[in-house]
Amino acid sequence: MNSKKKLNMLKNTLLASVALLAFVSQSNAQDLQQVQNAFNKYSQTALQEKVFVHTDKSTYLAGEIIWFKIYCVDGALNKPLTLSKVVYVDILDNAQVSVMQAKIAMINGMGSGSLVIPPSVANGNYKLRAYTNWMKNFGPESFFEKKITIVNALRSPDATAKAKTPDYDIQFFPEGGYLVSGLAANVAFKAVAKNGLGISFKGAIVNDDNDTVARFQPLKFGMGHFTFTPAANNTYKAIIKIGSDKPIVTNLPAVKSNGYTMQVTDGGNGGINVKVNSNTGDQQLYLFAHTRGVAKLVQTAVSSNGAAQFAVSKDKLGEGISYLTIFDGGKQPVCERLYFKRPKQSLFINADADARQYAARKKVSVTVAAKNAADKMINSGLSMSVYRVDSLQTVDQDDIASYFWLGADLKGSIESPGYYLKTTTAEADEATDNLLLTQGWRRFRWDEILQPNQAAFKYLPEFNGHMVIGKLTDSAKNIAKDVIAYLAVPGKRVQVYAAKSDAEGKLYFNTKEFYGANEIVVQTNTERDTSHKIEIVSPFSEQYSKTALPAFGLTPGMQTSLQQQSLGMQVQNIYAANKLKHYFEPVVDSTGFFGNPYKTYKLDDFTRFVTMEEVVREYVREASVSRSRGRSHITLIDEKVMLTGDPLVMLDGVPVFNIDKVMAIDPLKVQRLQVVRSRYFWGPSAFEGIMNYTTYKGDLGGAEMDPHAVVIDYEGMQIQREFYSPVYETDEQAKSRMPDFRNLLFWAPDIKTGPISANKLTFYTSDQTGKYFGIVQGITSNGDVASQSFTFEVK
């Protein structure tokens, strides 16, 4: 009987254990699902954009033009993205002050522009950055950034005090995030000189007793890693010896008493091993992996004796950079690591000149084709630059593939980025791993992802065109909400937009095809109130990344190249000044927001009257003019009824709310009048019909604006400049005495390839002899990216 009781008790215990295990497994699965659901919800809401800028070169002289092509893609798929119709480009000096800015129109994820470098700009390295309005929600670290150098030959470089010791930046990065006492850790390091390039050195790690616990030296580009186990209650220092210089001593990150470490190794057979060590007790751990915002896998493991192992198949990870995050039992992220899966190249660009050597002023033909992995020609959008390389202007190392696959997910600049994609040796794989360890950062903020409320975004995407933003306050400088305001661009083309202020007093004017330098008029309905104040807000970001620019310096070996390039720039600006100021007229819809009017009156078709009131009374059959309480009023007559209230009256697209001022318009300066006789609803506004007066010159005909209106100069999207390249087809043209000192021979931002035949691009060499470098890069609609270079000489 006792035996039977014991057997029953054993069965009950076993059943309870199984039930408990099932409950725990189900609970763990629910926890994992919650994390994945939160991540997916955030990713769907927080669409990521990536921007790459192909510049014609990377070193310029004051007075030259910076030419560039912009590619904007979906951050998850690398496919051209049509979400944002504007990209903002600004060039910052070392003090984060903008010296040049532009708003670039985007069509199907691509756009191009140019910036003229002012003659007053100082010598130095500058940061060219590009971003959309939507990207501002994710901080300046998500912006595209590129170092460019500007030399002002008319200004001496600023004198710098000679440092007693070399200026080096040395940093250490424990794998996973932390050093924890008693737990073995890989520690990556990065050492760069003041020019931003990696250095060679030898180093050692010493503890409080000055005992050496590890030795290390960089593998490539000043980066590498070493392994050691920190002890409790110890601090560690690194002693760096660079050549014959005095050793540099710097501290390692502090050692935590409790925590987690993480080690990722190649497991062979197409997999990787993720090992997690901890001294916080055995528990359930979770591994969550995502590639460019797309969840790839979730795994669980229970730590035993402070260690847990995850085996991950590389096939489950996407190409490019994946984020491997470890969560503890409380669903809190405790370690994170980046892993790079080399992408398979699917786009191949063929580009080469028809000769290796040319004389001055000779024709160069370059055949360009885009092919897939099956060697078939395909559609693509490319850009191409051909420039002279010398001691001043070296080959630009940035390329579209290395940026979208690597640079866009890493912080700071990458030395020789193409090396990591194009080199397939074991050393290159280790160098890539070191790069990820030393520059990895978390694009996704887990505290935001796991919060119960949906993420809120301050900056809106610009779906239709440039969004002009204003801020509305009352006379007491308090926020004014639910007030309708109007923005207008005076001219023959009707460009007027309405917006209602939100809870923060913000006004969002969604413009359409708004190009070039203009004067804008922003106002509320002054017949209803005159107390509100409107301030137009700059759309350019005032947030800045922490990436430091390398020190600027000129060497004696650059003097000859600098003199040649300076002379060439001045000659071009003198003899080709007018040809450098040709622009492509943007294609815009000239129809007003109200579409086709009911009737258009061309005043030249009628007998001219000297007052506008007579014109309206005598010719405009749809309008009735009256006076009430000492003020003029216009009432439009619909097909059946008379509308109530004044219509929206515009003069050259600018609303005029005081009808007395409408009657004061000189009719001899008005070319036509358009009438919409029915009630019209537009955005937040409703109008009792519309009357739009257009003057002959589109200059308001001398009418004065309401004194309460804000009238300012405002730059819309940039009008595209035409690249000038002289032609020497005939002997007479080739023998012209007009000097040609171009160092940028060719720039083509909008090359379209197709499946039928290759493109043939032609241009002519200049009088500048030397080596020339050509680069072609671009993208397909599927998101495949590539670049191809070629060289030739001019003698």
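Notes on the structure follow. Everything numeric here is computed off the predicted structure, so don't read it as measured data.

## Thoughts on helix α4 (residues 426-439)
Thought 1: Its 14 residues give α4 an end-to-end C-alpha distance of 20 Å, which sits within 8% of 20 Å, the value for a rise of 1.5 Å per residue.
Thought 2: Three or more residues of α4 are buried, namely Ala428, Ala431, Thr432, Asn434, Leu435, Leu436, Leu437, Thr438 and Gln439.
Thought 3: Residues of α4 that are buried in the fold lie against β9 (168-174), β11 (185-193), β14 (223-228), β23 (320-327), β24 (333-341) and α3 (418-422).

## Structural notes on the side chain of Arg129
Thought 1: Mapped onto the fold, Arg129 is located in strand β7 (residues 124-131).
Thought 2: Judged by its relative accessible area of 0%, Arg129 falls in the buried class.
Thought 3: A distance of 2.7 Å separates the side chain of Arg129 from the backbone oxygen of Gln543, its partner in a polar contact.
Thought 4: Leaving out residues up to four positions away in the same chain, Arg129 has contacts with Tyr88, Val89, Asp90, Leu92, Pro140, Phe143, Phe144, Glu145, Ser541, Gln543 and Tyr544.

## Quick look at unusual backbone geometry
One can expect most non-glycine residues to show negative phi and most peptide bonds to be in trans.
Thought 1: Its identity is not glycine, yet Gln96 carries a phi of approximately 65°, on the positive side.
Thought 2: Looking at the secondary structure, you find Gln96 in the loop between β4 (86-92) and β5 (98-105).
Thought 3: A relative accessible area of 24% places Gln96 in the partly exposed class.
Thought 4: The phi dihedral of Asn269 falls on the positive side, at around 55°, and the residue is not glycine.
Thought 5: With respect to the helices, strands and loops of the structure, Asn269 is situated in the loop between β18 (260-268) and β19 (271-278).

## Observations concerning the sheet that holds strand β13 (residues 212-216)
Within a sheet, adjacent strands bond to each other through the backbone by hydrogen bonds, running parallel or antiparallel.
Thought 1: Spatially, the 4 strands line up as an open sheet ordered β13-β12-β15-β16, and their pairing is antiparallel. Of all the strands in the sheet, the pair left with one neighbour each is β13 and β16 (248-251). Strand-to-strand twist of the sheet, defined as the mean angle between neighbouring strand axes without regard to direction, takes the value 20°.

## Concerning the sheet that holds strand β40 (residues 670-676)
Thought 1: What the 5 strands build is an open sheet, ordered β35-β40-β43-β38-β39; its pairing is mixed. Because the sheet does not close on itself, it has two edges, and the strands there are β35 (599-602) and β39 (654-655).
Thought 2: As paired strands, β40 and strand β43 (residues 690-695) are joined by 6 bridges and run antiparallel to one another. Looking at β43, one finds that Val670 is bridged to Thr695.

## A look at the pairing of strand β31 (residues 496-500)
Thought 1: Of all 5 residues making up β31, 4 are buried, and the element is well covered by its neighbours.
Thought 2: Two strands pair when backbone bridges link them, and strand β30 (residues 484-488) and β31 are joined in this way by 5 bridges, in the antiparallel orientation. Its bridge partner lying in β31, Leu487 is registered against Tyr497.

## Some points on the pattern of salt bridges
Thought 1: Going through the model one piece at a time under the given rule, you end up with 25 salt bridges.
Thought 2: We note a salt bridge from Asp660 to Arg631, for which the minimum N-O separation is 3.2 Å. Residue Asp660 is found in helix α8 (residues 659-663), and its partner Arg631 is found in strand β37 (residues 631-636); the two are separated by 29 residues along the sequence.
Thought 3: Overall, the relative accessible area of 26% leaves Asp660 in the partly exposed class.
Thought 4: Residues Asp638 and Arg677 are paired through a salt bridge, measuring 4.0 Å at the closest nitrogen-oxygen approach.

## Some words on the packing of aromatic side chains
Two descriptors summarise a pair of aromatic rings, namely the distance from one centre to the other and the angle between the planes of the rings.
Thought 1: This structure, assessed with the given rule, holds 41 aromatic pairs.
Thought 2: Note on Tyr88 and Phe540: the rings are 5.4 Å apart at their centroids and 75° apart in plane angle, and the pair reads as edge-to-face. Here Tyr88 is found in strand β4, whereas its partner Phe540 is found in the loop between β34 (533-537) and α6 (559-575), with 452 residues between them in sequence.
Thought 3: The buried category is assigned to Tyr88, whose relative accessible area is 0%.
Thought 4: On the basis of relative accessible area, Phe540 is assigned to the buried category, the value being 8%.
Thought 5: By the ring-pair criterion, three or more aromatic residues cluster together here, those being Phe172, Phe189, Phe201, Phe216, Phe226, Phe228 and Tyr236.
Thought 6: Lying across the ring of Tyr714, Lys103 places its NZ or CZ 4.8 Å from the centre.
Thought 7: Lys136 extends its terminal NZ or CZ atom over the ring of Tyr88, reaching a point 6.0 Å from the ring centre.

Quick notes on the rules
Residues numbered from 1 in each chain as written. Predicted model: local features only at pLDDT ≥ 70, side-chain atom pairs only at ≥ 80, totals over all residues. Heavy atoms only, no water. Helix = DSSP H or I, 4+ residues; strand = E, 2+ residues; numbered from the N terminus. Expected span 1.5 Å × (residues − 1). Buried < 20%, exposed > 50% of the residue type's maximum accessible area, 1.4 Å probe, protein only. Contact = heavy atoms within 4.5 Å. Polar contact = N/O pair within 3.5 Å; in protein donor to acceptor, adjacent residues only side chain to side chain. Pairing = 2+ DSSP bridges. Axes fitted to C-alpha atoms, helices over the stretch in contact; angles between N-to-C directions. Salt bridge = Lys/Arg side-chain N within 4 Å of Asp/Glu carboxyl O. Phe/Tyr/Trp six-rings, centres within 6.5 Å; stacked < 30°, edge-to-face > 60°. Lys NZ or Arg CZ within 6 Å of the ring centre and 35° of its normal.

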